[in-house]
Amino acid sequence: MTSVQMSAKDEMVEQFLDYASRGDLANVSTMISHSSQLLNESGRQGWTALMLAARNGHFDVIKALLLNGCNKFLVNKSGQTAYDIAKFWGHRHIARFLASSGDVTLPGILPSNKSTENETYFSKEYLNRMSDKRTDSEWLSAKQSSPETVFIVFHNLDPLVTTEPEERNDIQSQLKLYRFGRDSVKKVLENSDTVVVFLGVEKQECSPSSLVSNEDGLIAWFALNTKKNPTESLKVTASNSFFLTKPMPMLLMLNEDEAGIVAQARSVLAWHSRYSFCPTCGGKTKVDEGGYKRTCLTDGCKSLQGIHNTCYPRVDPVVIMLVLHPDGNRCLLGRKKSFPPGMFSCLAGFIEPGETIENAVRREVLEESGVTIGPVQYVSSQPWPMPSSLMIGCFAVAVSTDIKVDENEIEDARWFTRQEVMDALVKGNQAVFSMPPRQAIAHYLVKHWIGINSNL
Ligand SMILES: NC(=O)C1=CN([C@@H]2O[C@H](COP(=O)(O)OP(=O)(O)OC[C@H]3O[C@@H](n4cnc5c(N)ncnc54)[C@H](O)[C@@H]3O)[C@@H](O)[C@H]2O)C=CC1
Ligand SMILES: [Mg+2]
Ligand SMILES: [Mg+2]
Ligand SMILES: [Mg+2]
Ligand SMILES: [Zn+2]
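Residues numbered from 1 in each chain as written. Chains lettered and ligands numbered in written order. Predicted model: local features only at pLDDT ≥ 70, side-chain atom pairs only at ≥ 80, totals over all residues. Heavy atoms only, no water.

S.K.: Looking at this model, I keep getting lost on unusual backbone geometry. Mind explaining?
M.R.: Trans is the prevailing form of peptide bonds, just as negative phi is the prevailing case for residues other than glycine. The omega angle of the peptide bond from Met248 to Pro249 is 5 degrees, so this bond is cis rather than trans. If you trace the backbone, Pro249 turns up in helix 9 (residues 247–250). The omega angle of the peptide bond from Met386 to Pro387 is 0 degrees, so this bond is cis rather than trans. Tracing the backbone shows Pro387 in the loop between strand 13 (373–384) and strand 14 (389–398). One non-glycine residue, Asn156, lies in positive phi territory at about 50 degrees. For Asn156, the position within the fold is in the loop between strand 2 (150–155) and strand 3 (158–162). The partly exposed category is assigned to Asn156, whose relative accessible area is 44%. (Helix = DSSP H or I, 4+ residues; strand = E, 2+ residues; numbered from the N terminus. Buried < 20%, exposed > 50% of the residue type's maximum accessible area, 1.4 Å probe, protein only.)

S.K.: Explain the pattern of salt bridges here, please?
M.R.: Oppositely charged side chains can form a pair if their charged atoms are brought close together. Inspection of every chain in the model, using the stated rule, returns 20 salt bridges. Glu190 is the partner of Lys186 in a salt bridge, and the nearest nitrogen-oxygen pair spans 3.7 Å. With Lys186 and Glu190 both in helix 8 (residues 186–190) and four residues apart, the pair spans about one turn of that helix. You'll find Lys186 and Glu190 in the same group, each marked exposed. With a closest N to O distance of 3.0 Å, Arg414 and Asp412 form a salt bridge. It is possible to trace a salt-bridge network through shared partners that takes in Glu352, Glu355, Arg363, Glu364 and Glu367. (Salt bridge = Lys/Arg side-chain N within 4 Å of Asp/Glu carboxyl O.)

S.K.: It is not clear to me how the UniProt feature "repeat: ANK" (unreviewed entry) in the chain should be interpreted in this structure. Could you clarify?
M.R.: Under the present numbering, the feature "repeat: ANK" (unreviewed entry) in UniProt falls on residues 45–77. Between the first and last C-alpha atoms of residues 45–77 the distance is 5 Å; the span itself is 52% helix and 0% strand. (UniProt positions renumbered as here; feature names shortened; annotations may be inferred.)

S.K.: Would you mind showing me how to read the coordination of the magnesium ion (ligand 2) here?
M.R.: Around a metal, the idealised angle for a tetrahedral arrangement of four donor atoms is 109.5 degrees; for an octahedral arrangement of six donor atoms it is 90 or 180 degrees. All of the protein donors around the magnesium ion (ligand 2) are Glu364 (OE), Glu368 (OE) and Glu409 (OE); their distances to the metal are 2.1 to 2.3 Å. The metal-metal distance between the magnesium ion (ligand 2) and the magnesium ion (ligand 3) comes to 3.3 Å, with Glu368 coordinating both. Separated by 41 residues along the polypeptide, Glu368 in helix 11 (residues 357–369) and Glu409 in the loop between strand 14 and strand 15 (412–417) bring together distant segments of the chain. Look at Glu368 and you get buried, because its relative accessible area is 3%. Here Glu409 falls in the partly exposed class, since its relative accessible area comes to 35%. (Donors = N, O, S within 2.8 Å, 3.2 Å for Na, K, Ca; no water.)

S.K.: Could you clarify how one ought to interpret the site of ligand 1 in this entry?
M.R.: Near ligand 1 there are 16 residues, and of these Lys336, Ser345, Phe350, Glu368 and Glu409 occur at the shortest range. When residues of the shell around ligand 1 are traced back to their parent elements, those giving at least two are strand 10 (316–324), strand 12 (347–350) and helix 11. Within the shell around ligand 1, the residues separate by chemical class into nine nonpolar, two polar and five charged. (Near = heavy atom within 4 Å. Nonpolar A, V, L, I, M, F, W, Y, C, P; charged D, E, K, R; others polar.)

S.K.: Got a minute to help me understand the domain arrangement of the chain in this structure?
M.R.: Accessible area lost when the parts come together is the quantity often used to give the size of an interface. Taken domain by domain, the chain comprises domain 1 (3–99), domain 2 (136–274) and domain 3 (316–450). Distance between the C-alpha centres of domain 1 and domain 2: 56 Å. (Domains from an automatic or database assignment.)

S.K.: What exactly am I supposed to notice about the environment of Gln45 here?
M.R.: Mapping Gln45 onto the fold places it in the loop between helix 2 (25–34) and helix 3 (49–56). Placed 338 residues apart in sequence, Gln45 and Pro383 show a C-alpha to C-alpha distance of 49 Å. Once residues lying within four places of it in the same chain are set aside, the contact partners of Gln45 are Asn76 and Lys77. (Contact = heavy atoms within 4.5 Å.)

S.K.: Got a minute to help me understand empty space enclosed by the protein in this structure?
M.R.: A water-sized probe, rolled over the atoms, reveals where empty space remains. Considering all chains together, one arrives at one cavity of 30 Å³ or more under this definition. The volume enclosed by the largest cavity comes to roughly 60 Å³. If you tally residues by element for the lining of the largest cavity, the top one is strand 9 (residues 293–296), at three residues. In terms of residue class, the lining of the largest cavity is built from seven nonpolar, four polar and one charged. (1 Å grid on protein atoms, 1.4 Å probe; cavity = no way out; pocket = protein on both sides within 12 Å on 5 of 7 lines; lining within 4 Å. Points joined across faces, edges and corners; volume = space filled by probe spheres on them.)

S.K.: Would you take a moment to explain the pairing of strand 11 (residues 330–335) for this structure?
M.R.: In the case of a regular strand, side chains alternate between the two sheet surfaces. The buried fraction of strand 11 amounts to five of the six residues, a majority that puts the element mostly inside the structure. Both strand 10 and strand 11 contribute to a ladder of two bridges, which runs antiparallel. What sits directly across from Leu324, in strand 11, is Cys331. Linking strand 10 back to strand 11 in an antiparallel pair, the connection comprises five residues, with Gly328 at a positive phi of about 80 degrees. (Pairing = 2+ DSSP bridges.)

S.K.: What is the right way to look at the environment of Gln80 in this model?
M.R.: Within the fold, Gln80 resides in the loop between helix 4 (59–67) and helix 5 (82–88). Here Gln80 falls in the partly exposed class, since its relative accessible area comes to 24%. For the pair Gln80 and Val287, spaced 207 residues apart in sequence, the C-alpha separation works out to 63 Å. Those residues within four positions of Gln80 in sequence are excluded, and the remaining contacts are Trp47, Met51, Leu74, Val75 and Ile85.

S.K.: Sorry if this is basic, but what is going on with the UniProt feature "domain: Nudix hydrolase" (unreviewed entry) in the chain here?
M.R.: UniProt's feature table lists "domain: Nudix hydrolase" (unreviewed entry) at residues 313–439, given in the numbering used throughout. End C-alpha atoms of residues 313–439 are separated by 24 Å, and the span's content is 17% helix alongside 37% strand.

The following block contains the structure:
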């Protein structure tokens, strides 16, 4: 870098610090939007913008700096943080805000690149759910008898799939859902044991309406589930078709578009298979709203007054977190007894009633490993249709490092270096340990942390 460039940069930093010091929120925000690197720059005596705003009591500037990810743990040449400075100068509301654990501040050890949505397996939305059509029974029955409509069939929650003969050598990712037309599933639809769920319509970019002959140009999709094996009543033409009897790992072998369809269909069908009776009174129920509701048939049942979550498909939120060591170069992974030998994964746990995502992360990590967590950052999520979880993937920064494993839940938990993790991802069997497959969000979180593209 030349001396001219250096001084231009220094001048910009000085200007930024001056705005922060004077509480000029507009100019602080503009400068951050042009160069986020300014956030943690320091001037004389190692004072950052956050420290100067804390010195002079500019709450709005502090909030903007934190929201943009500035590091509140930096210290000046006297070893003071912005919190120390706010406290010393009597700005108690600012000191409280800087000290609170639930704010948006994150130490510099978290990756700064934001993740994009829908990158995880099971997360792709191939269909438009058109939830407004669920109450339109006329439209739904017209769609069920339309020749363009697609039906997919499950037997005890296992989808019927097919492989292309020439692709048999590479079964992985070559499994395709068997798509039926109305005539092939006619008998199955007539069976009283069959549960039918309206999944949505193909997005317009998948099926341009000029190619569709029905009235509204929309291709609807339905999922069917039966308890009795439906093979005899179905008109299956392909010889190489079968039900995926082992959800794990077989459900991870679909293409990404169809994985998203299965995530939706299997979760709703699993709910039907487990909630045949009304959870409120034990009475019989009927399927409503295109398969998205079960209504109790008992007069006066409480579930018929107001809105009751017992009537709708359930989703269980689970936090799954990559715990990062305070040194920023190691991460904590654990293994359950049920894992294949040598496999370690992120810690995870169900969110409990009345709990935030952040608090569930802190509680589960402390319970399972004895490690205390400070900042938590959401990264990405993943529907997990076995039977119906939503995995909420986070990074969590540890503020303690001693491990004390809860042996009921976890067999072992260890800090692994970046190098060990990279070896596990790249070298497979020759590494110290193995990771869950690339379709699992744990794998995605680890790759995201070390900065490898998730599709590799
Ligand atoms: N993709 C991955 O790498 C990983 C995925 N997971 C998944 O995350 C989920 C939760 O993780 P766990 O460690 O098992 O949770 P956990 O740490 O909360 O412990 C599970 C226990 O929580 C109780 N529990 C509370 N609410 C529950 C609910 N709604 N459904 C079932 N059990 C409930 C049960 O006693 C169960 O045995 C599991 O489905 C697991 O398969 C877990 C670890 C890694
Ligand atoms: Mg737990
Ligand atoms: Mg757990
Ligand atoms: Mg738990
Ligand atoms: Zn009831």
